[in-house]
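# A structural walkthrough
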Amino acid sequence: MTHEYTVPGGLDDPAVETTEVPEPGAVTIVVPTFNESANVRQLLHQITESVPARLPCEVVFVDDSTDDTPQVIEEAAKDCPFPVTVLHRDEPVGGLGGAVVEGMKAAGSDWIVVMDGDCQHPPSLVPELVATGERANAGLVVASRYIKGGSRAGLAGSYRVAVSRGATWLTKALFPRRLHGISDPMSGFFAIRRSDITAEVLKPLGYKILLELAVRSRPRAVTEVPFVFQERFAGESKSTAAEGRRFLRHLAGLRTADPLARMVVFGLIGLTGFVPNLAALWAMTQAGLHYLPAEIIANQFGVAWNFLLIEKLLFRERRVHRHWADRTIRFALLANADLVLRIPLIALLVGQFGLAVLPATALALVITFVLRFAGTEALVYLPRRSRSRTARSTA
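Attention here is on the structure that accompanies the text.

### Some thoughts on the side chain of Ser50
Note that Ser50 resides in helix α1 (residues 40–50). Note on Ser50: relative accessible area 16%, which makes it buried. There is a polar contact of 2.8 Å between the side chain of Ser50 and the backbone oxygen of Gln46.

Next comes the structure, spelled out in structure tokens:
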């Protein structure tokens, strides 16, 4: 559930609770917050000092806090000459990235600027982001630390610098076409036209919403402006090992959104499944078991290994379509069904072509790969057809 509070602009306006979306302005500043009560008053002060005189604005906080951040925002907003809205989410779906998407949906302006709530992104740059977008007729303007005039000075310590640079290199290597012209895909400070956003295709996970936008809904024209990353005003960074793992899962989900990429990853996971499969097969044949029953038993080790990795890395976003028990049974049946093809093929390779058991098994796994991929995607992870759709098809 989301709770919305709006404090109208104007120093003399009383604080009023309402569910109305603010009147459209020249720019909507969207700020996702999680326990930033020590920072938001300073942030609103900086926005007041640098933005309204040059550009009419409204500010939308999307808050997932467990502290008093919403109350602090409401109090601080009374002194702001622009509308301030607080959308508090009881369930932080998608993390900070999901919060940004909620803010974008509530925005009342054509230009939306996304920035953090810890004062590391200078609000004084907001008018320049919008002006640059207008001059360049761009749909997305990224504030970059990695072009001339920019700096990552506010990153605390060599560890965070290394992580930031490593993540930047990794994302640009994985998405060279989509991130072309974006030197800082890890930036959380950018401006985007609302008309260039297709919110329905966004599936944020964690706090790297710019990466999500660039890959799934990239505007045709992108430009950048340099900015100096500031030190955090108060509190501690939300960058944790858990967020790092979410980021890697997000990368995997983005990279496997393309069918060809999914097939490649499916194949790579299948290759890792050779290890438990062939190890178990070797152990049982060494113990004197005939290779055919040994193959049936050993296959279950590979099936279990592959299923766990596919669930975590490849079809994570599609697990909602079926119950885990349904997925497990379907995957196991499908993975074992190819034994009907694979065992006669292995027997042929061993008996007629004189191959050893292990290379014959590996070759048979490769031959049946495409069928296993298509079957897994269609029968295990695609959404169920609704009854109404089935009825219409029957009619």
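### As for the side chain of Asp63
The topology assignment puts Asp63 in strand β3 (residues 57–63). Of the buried charged residues, Asp63 lacks a salt bridge, with Arg89 as the closest side chain of opposite charge at 8.7 Å. Separated by 2.8 Å, the side chains of Asp63 and His88 make a polar contact. Ignoring sequence-local partners within four residues, the contact set of Asp63 consists of Thr33, Thr69, Pro70, Val86, Leu87, His88 and Arg89.

### Examining the packing of aromatic side chains
Here the distance between the centres and the angle between the planes together describe a pair of aromatic rings. All chains considered together, the criterion is met by five aromatic pairs. Here the aromatic rings of Phe307 and Phe331 are separated by 5.2 Å at their centres, their planes lie at 45 degrees, and the arrangement is tilted. Placement of the pair is Phe307 in helix α9 (residues 291–314) and Phe331 in helix α10 (residues 324–337), with a sequence separation of 24 residues. The pair formed by Phe307 and Phe331 is uniform in burial state, with each residue classed as buried. Through a chain of ring-to-ring contacts, the aromatic side chains of Phe189, Phe227 and Phe229 assemble into a single cluster. Sitting over the ring of Phe229, Arg145 keeps its end group 5.4 Å from the ring centre.

### So, the packing of helix α8 (residues 259–286) against α9
As a packed pair, α8 and α9 sit with axes 7 Å apart at the nearest point and diverge in direction by 145 degrees. Crossing hand, α8 versus α9: right-handed. Here the contact of α8 with α9 is built from residues that sort into 16 nonpolar, eight polar and two charged.

### With respect to the pairing of strand β7 (residues 190–193)
The alternating pattern of β7 places Phe190 and Ile192 and Ala191 and Arg193 on opposite faces, both of which are buried. Bridge count between strand β5 (residues 111–114) and β7: four bridges; the pairing is antiparallel. Looking across to β7, one finds that Val113 is bridged to Ala191. Pairing of strand β6 (residues 140–144) with β7 involves three bridges; the strand directions are antiparallel. Looking across to β7, one finds that Leu140 is bridged to Ile192.

Analysis parameters
Residues numbered from 1 in each chain as written. Predicted model: local features only at pLDDT ≥ 70, side-chain atom pairs only at ≥ 80, totals over all residues. Heavy atoms only, no water. Helix = DSSP H or I, 4+ residues; strand = E, 2+ residues; numbered from the N terminus. Buried < 20%, exposed > 50% of the residue type's maximum accessible area, 1.4 Å probe, protein only. Polar contact = N/O pair within 3.5 Å; in protein donor to acceptor, adjacent residues only side chain to side chain. Lys, Arg positive; Asp, Glu negative; His and termini not counted. Salt bridge = Lys/Arg side-chain N within 4 Å of Asp/Glu carboxyl O. Contact = heavy atoms within 4.5 Å. Phe/Tyr/Trp six-rings, centres within 6.5 Å; stacked < 30°, edge-to-face > 60°. Lys NZ or Arg CZ within 6 Å of the ring centre and 35° of its normal. Axes fitted to C-alpha atoms, helices over the stretch in contact; angles between N-to-C directions. Left-handed = near helix turned anticlockwise from the far one by under 90°. Nonpolar A, V, L, I, M, F, W, Y, C, P; charged D, E, K, R; others polar. Pairing = 2+ DSSP bridges.

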